[in-house]
Amino acid sequence: MSDPIRTHPLGNQGLEVSALGLGCMGMSDAYGPADEAESIATIHRALDLGVNLLDTSDAYGPFTNEELIGRAIRGRRDEVTVATKFGFVGGTDGKGGGRIDGSPAHVREACDGSLRRLGVDHIDLYYQHRVDPDVPIEETVGAMAALVRQGKVRYLGLSEASPQTIRRAHAVHPISALETEYSLWSRDPEDELLPTLRELGIGFVAYSPLGRGFLTGQLRRFEDLPADDWRRHRPRFQGENFDRNLKLVDRVKEIAATKGATPAQLALAWLLAQEGVVPIPGTKRRKNLEENVAALGITLTSEDLKRIDEAAPKGAASGDRYADMTGVNL
């Protein structure tokens, strides 16, 4: 793209990010073999294109994804909005225990660890990865707010939190962003979450905007997934769910063809057309990054949006997002 990527406010506190971010989890975790050289090249290409929001977590690896990003951004810190998360202890999805810790002591310890691994003196956007049901959100956000006062963190975020929890958190310290899964096959945020965020002036960061790769149309068989791929254990990729969800993807693909776009680009363009939403498609390859960024050049008419809504209505995806929904939307 020759034109600069437009920016987008996240929250009302002054944070501005590129309209499209880069999810970095798959560079180190969950989606098959890692390729550090290509991952770093992908991050550099993203920065060259004007994609400045890099999304990671101390749970990815665990820890290795933050270290990778730290190596990638060395010498280019001023071009980057670094977003990372804390809360999962031992990694996500049961690795090493996979428990959630939102205690003030862990908030402080986790932040110092992330700063060290990232090689930065402050984190631009610091999220609680999941709400700890055993620690009042006021205590967790109070500790996060102290990090802002100390200059270790600039802005605060939550991930997969309910509207009620967001309101309580926002009353303690302004929350700039809520990160939750949102895509053409995960449209639940439209019910209560997005209206709450718009009311409070909080930005929305959409992770897995391509349905964990399913909406790209590249996956046609369960067997296409690498043996160590995290998605093999997700309900939407299994058995009859996989076959039903293929039909949804094929409907998206038909509409994309009429726009001269790939299914991935159409899915991203649809999200970019939603008020207050910044998608962070994840990839570890430059080719996919460039395809995703090209979605910024696609304009959808009201008729296009209507056709997409009919092809992929709310609730169209078959299967739950996770095998265990514990800790989601607390």
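Note: the structure precedes this text.
The structure presented is a predicted model; accordingly, all values stated were derived computationally and were not measured.

(A) Layout of the sheet that holds strand 5 (residues 81-86). Read across the open sheet, the 8 strands follow the order 3-4-5-8-9-10-11-12; overall the sheet is parallel. The open sheet has two edge strands, strand 3 (22-23) and strand 12 (277-279), and neither has a second partner. The pairing of strand 10 (residues 177-181) with strand 11 (residues 203-207) spans 5 bridges and is parallel. Bridge pairing links Ala177 to Gly203 in strand 11.

(B) Expanded view of the pairing of strand 1 (residues 7-10). A one-sided burial pattern is seen for strand 1, the buried positions being His8 and Leu10 and the unburied ones Thr7 and Pro9. As paired strands, strand 1 and strand 2 (residues 15-18) are joined by 4 bridges and run antiparallel to one another. Counted as the bridge partner of His8 is Val17 from strand 2. Connecting strand 1 to the antiparallel partner strand 2 that follows it, the hairpin turn spans 4 residues, and Gly11 within it adopts a positive phi of roughly 80 degrees.

(C) Structural detail: the side chain of Ser208. With respect to the secondary-structure elements, Ser208 resides in the loop between strand 11 and helix 7 (239-258). Residue classification places Ser208 among the buried positions, given a relative accessible area of 14%. In this view, Ser208 contacts Glu181, Tyr182 and Ser183; residues no more than four positions away in its chain are not counted.

(D) Representation of the packing of helix 5 (residues 163-172) against helix 6 (residues 193-200) in the model. As a packed pair, helix 5 and helix 6 sit with axes 10 Å apart at the nearest point and diverge in direction by 20 degrees. By the angle between their directions, the pair helix 5 and helix 6 is classed as roughly parallel. At the point where helix 5 passes helix 6, the crossing takes the right-handed sense. From helix 5, Pro163, Ile166, Arg167 and His170 reach across to helix 6, where they touch Leu193, Thr196, Leu197, Glu199 and Leu200. Within the contact of helix 5 with helix 6, the residues separate by chemical class into 5 nonpolar, 2 polar and 2 charged.

(E) The arrangement of the nonpolar core in detail. Ranked by internal contacts, the top residues of the largest apolar core, which has 83 residues, are Leu22, Ile166 and Phe204. With 8 residues, the top contributor of residues to this core is helix 8 (residues 263-272). Core analysis: the next-biggest nonpolar cluster, separate from the first, contains 13 residues, Leu125, Val205, Val278 and Ile280 among them.

(F) Inspection of the pattern of salt bridges at higher detail. Following the criterion strictly, the structure yields 19 salt bridges and no others. Arg71 is paired through a salt bridge with Glu36; the nearest N and O atoms lie 3.1 Å apart. Note that Arg71 is positioned in helix 2 (residues 64-73) and Glu36 in helix 1 (residues 36-49), a separation of 35 residues in sequence. Overall, the relative accessible area of 39% leaves Glu36 in the partly exposed class. The residue Asp48 makes a salt bridge to Arg76 at a minimum N-O spacing of 2.8 Å. Placement of Asp48 in helix 1 and of Arg76 in the loop between helix 2 and strand 5 is noted, with a sequence separation of 28 residues between them.

(G) Here's a closer look at the pairing of strand 11. Burial analysis of strand 11 places 5 of its 5 residues in the buried class, the great majority of the element. Side chains Gly203, Val205 and Tyr207 project from strand 11 onto one buried face, and the interleaved Phe204 and Ala206 project onto a second face that is buried too. One crossover worth recording links strand 10 to the parallel strand 11 by way of helix 6, and it is right-handed. Bridge analysis of strand 11 against strand 12 gives 3 bridges, and the strand direction is parallel.

(H) A look at helix 4 (residues 137-149). In this model, helix 4 (13 residues) spans 18 Å end to end at C-alpha, consistent with the 18 Å of a helix rising 1.5 Å per residue. When helix 4 is considered as a whole, its buried residues turn out to be Ile137, Thr140, Val141, Ala143, Met144, Ala145, Ala146 and Leu147. Here the buried face of helix 4 lies against strand 5, helix 3 (104-118), strand 8 (123-128), strand 9 (153-159) and helix 5. Gly151, located one to two residues past helix 4, shows a positive phi value of around 85 degrees.

(I) Spatial organisation of the environment of Trp185. Within the secondary structure, Trp185 sits in the loop between strand 10 and helix 6. Overall, the relative accessible area of 5% leaves Trp185 in the buried class. In this structure, the C-alpha to C-alpha distance between Trp185 and Val249, residues 64 residues apart in sequence, is 9.2 Å.

The rules behind these values
- For every chain, the first residue of the written sequence is number 1, and numbering continues from 1 along that sequence.
- For this predicted model, a pLDDT threshold of at least 70 governs which residues receive local features, and a threshold of 80 or more governs which side-chain atom pairs are given and counted, while totals over whole chains, interfaces and linings are taken from all residues.
- The side-chain figures draw on all heavy atoms in the structure; neither hydrogens nor water molecules are used.
- Strands were regarded as paired on the criterion that DSSP finds at least two bridges between them.
- Secondary structure elements are taken from DSSP: a helix is a run of H or I of four residues or more, a strand is a run of E of two residues or more, and numbering for both begins at the N terminus.
- Exposure categories follow from relative accessible area, calculated using a 1.4 Å probe and restricted to protein chains: below 20% of the type maximum is buried, above 50% is exposed, and the middle band is partly exposed.
- Contact criterion: two residues are considered in contact whenever any of their non-hydrogen atoms come within 4.5 Å of each other.
- Each axis is a line fitted through C-alpha atoms, taken for helices only over the stretch in contact, and angles between the N-to-C directions span 0 to 180 degrees.
- Put simply, angles under 35 degrees are roughly parallel, angles over 145 are roughly antiparallel, angles from 65 to 115 are roughly perpendicular, and the rest are oblique.
- Take the far helix as your reference; a near helix turned counterclockwise from it by less than a right angle gives a left-handed crossing, and one turned clockwise gives a right-handed crossing.
- Polar here means any residue other than Ala, Val, Leu, Ile, Met, Phe, Trp, Tyr, Cys and Pro, which are nonpolar, and Asp, Glu, Lys and Arg, which are charged; Gly is therefore polar.
- We call a set of buried residues a nonpolar core when its members are Ala, Val, Leu, Ile, Met, Phe, Trp, Tyr or Cys and they connect through side-chain atoms within 4.5 Å of each other.
- The salt bridge definition used is simple: a Lys or Arg side-chain nitrogen within 4 Å of an Asp or Glu carboxyl oxygen.
- When the strands point away from the viewer, a crossover counts as right-handed if the path from the first strand over the helix to the second runs clockwise.
- In this scheme, a helix's expected span is set at 1.5 Å multiplied by one less than its residue total.

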